[in-house]
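# Structural description and commentary
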Amino acid sequence: MSQINKLKIFNDPIYGFITIPNALIYDLIQHPYFQRLRRISQMGLSYLVYPGANHTRFHHALGCMHLMQKAVDVLRFKGVSISPEEENALYIAILLHDIGHGPFSHAMERSIVEDVHHEEISLLFMNELNVAFKGQLNLAIQVFKGEYHRLFMLQLISSQLDMDRMDYLKRDSFYSGVAEGNVNSERLIQMMNVEDDVLVIEEKGIYSVEEFLMSRRLMYWQAYLHKTSLAAELTLTKILKRAKELTLKGAILPCSKPLQFFLQNRITFDSFDTKILDLFSRLDDFDIISALKAWQYEDDFILSSLSKMIINRDLLKIKLTSEKVSLEDLQPLKERFALENNISLQEASYFVFKGKIKNQAYSKEAEPIRILKKDRTVEDVIESSDQLNLKSLSKAVTKYYICFPKQLM
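Residues numbered from 1 in each chain as written. Predicted model: local features only at pLDDT ≥ 70, side-chain atom pairs only at ≥ 80, totals over all residues. Heavy atoms only, no water.

### Observations concerning the pattern of salt bridges
This model, assessed by the stated rule, comprises 22 salt bridges. Between K204 and E202 there is a salt bridge whose closest N-O contact spans 3.5 Å. Judged by its relative accessible area of 53%, K204 is exposed. Accessibility expressed as a relative area gives 15% for E202, which makes it buried. Note that R242 is salt-bridged to E245, the shortest N-O span being 2.8 Å. Here the residue R242 and the residue E245 both occupy positions in helix 12 (residues 227-248), the gap between them amounting to three residues, near one helical turn. (Salt bridge = Lys/Arg side-chain N within 4 Å of Asp/Glu carboxyl O. Buried < 20%, exposed > 50% of the residue type's maximum accessible area, 1.4 Å probe, protein only. Helix = DSSP H or I, 4+ residues; strand = E, 2+ residues; numbered from the N terminus.)

Given below as structure tokens:
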């Protein structure tokens with residue numbers, strides 16, 4: 001195929017046309033590892049709350065690359081030198097930053113793939129692609145790992161004001177209909193600059209930063225931590241844990257071969273070799289949903305009841321509170337549910353459980369968002385802002401929850 005055919009354009013409902021900058025990026029997008037992202041939802045089970053939230057991680061990755069193209073243009077216009085090699089590394093790193101996500105990845109990370117985070121798997125995929133593309137991803141991997149000497153490049157990919165956050169807030173807001181998340185990414189990118197190889201926002205962009213942080217806080221409460229989405233994700237985590245428990249005891253549950261493999265084996269980061277990575281790359285949302293459809297007819301009461309809850313959107317009741325929930329609060333509910341359904345207390349804990357969620361729009365511990373003042377000094381956005389609410393946005397808000405079947409109300 002000639003190179004000219006590879007300079008395609010995508011029509012995106014948010015940004016309009018997104019262009020593929022070169023043949024290498026086209027070939028990476030065409031790779032099965034990347035195409036798999038078309039089959040992985042960006043917002044997990046949030047479509048059970050917001051019916052429009054069916055967009056994919058493929059969509060998001062392209063949006064991030066588009067924003068990175070805008071950022072490179074703006075920074076070059078302001079005199080920041082970015083070589084063609086560095087530019088390409090930025091595009092590749094941001095394009096592949098989420099390639100390690102599994103289906104409903106937060107539920108998976110807490111159940112069938114033991115504590116292996118998607119960032120680590122993204123890096124494994126990048127290394128594998130680098131072999132396939134004969135070392136053309138070397139610089140992108142260096143930037144992604146934070147090993148490249150120009151710090152601002154990592155900040156564009158992973159920081160408190162990166163292309164990833166700018167796209168997912170805008171995109172998730174658009175598809176869910178939660179208007180509060182609609183950040184002005186264009187304006188934020190126009191305000192970007194680099195001082196001493198560190199990413200800064202020019203002083204006149206401070207209100208856009210404040211709006212961005214506020215949008216992030218509201219999106220967490222209204223979308224990502226919405227209590228029904230949370231109940232669905234927690235239920236899915238319990239289903240996968242139960243499926244693994246039954247499989248390890250010798251049960252053969254109907255599901256795809258890759259999912260069967262992850263149920264049958266305890267997979268940690270150290271055991272992630274090329275063969276396992278390839279099996280992981282064959283997993284997507286369809287494997288999980290197909291399994292749930294089959295498991296709702298299994299003999300195991302826990303597996304079938306929980307699977308029906310997701311398939312039929314008849315979820316556990318969830319109550320949020322600012323007070324810690326004690327085990328004593330759960331005990332009567334567990335006992336009643338166990339008695340009514342003739343199961344043990346330990347089995348009832350699949351249906352009655354507690355936990356906590358945290359929302360922090362801006363972290364003082366992480367790399368700060370820096371504001372470039374008119375006198376060329378640089379300070380943390382919290383110090384620059386005349387808004388008292390930014391200080392409160394940097395405080396973590398914790399809420400506690402209790403989940404239980406509706407019939408126990």
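### What about the sheet that holds strand 8 (residues 378-380)?
Across the sheet, which stays open at both edges, the four strands sit in the order 3-4-7-8 with mixed pairing between neighbours. The open sheet is flanked by strand 3 (192-195) and strand 8, the only strands paired with a single partner. For this sheet, the mean inter-axis angle between neighbouring strands, taken without regard to orientation, is 45 degrees. Looking at chain direction, strand 7 (residues 370-372) and strand 8 are connected through three bridges and run antiparallel. Note that in strand 8 the partner of R370 across the bridge is D380. (Pairing = 2+ DSSP bridges. Axes fitted to C-alpha atoms, helices over the stretch in contact; angles between N-to-C directions.)

### Notes on helix 6 (residues 118-132)
A rise of 1.5 Å per residue sets the reference length of helix 6, with its 15 residues, at 21 Å; its end C-alpha atoms lie 21 Å apart and thus fit the reference within 8%. When helix 6 is considered as a whole, its buried residues turn out to be H118, I121, S122, L123, L124, F125, M126, L129 and N130. Buried residues along helix 6 sit against helix 1 (23-30), helix 2 (32-35), helix 4 (84-95), helix 5 (105-109), helix 7 (138-144) and helix 14 (274-280). (Expected span 1.5 Å × (residues − 1). Contact = heavy atoms within 4.5 Å.)

### Remarks on the nonpolar core
Ranked by internal contacts, the top residues of the largest apolar core, which has 143 residues, are L156, M163, F262, F272 and W295. Element by element, the count of residues in this core is highest for helix 3 (residues 57-77), at 11 residues. Apart from residues no more than four positions distant in its own chain, L156 is found in contact with M68, A71, L75, L90, I94, D162, M163, M192 and L199. (Core = buried A, V, L, I, M, F, W, Y, C linked by side-chain atoms within 4.5 Å.)

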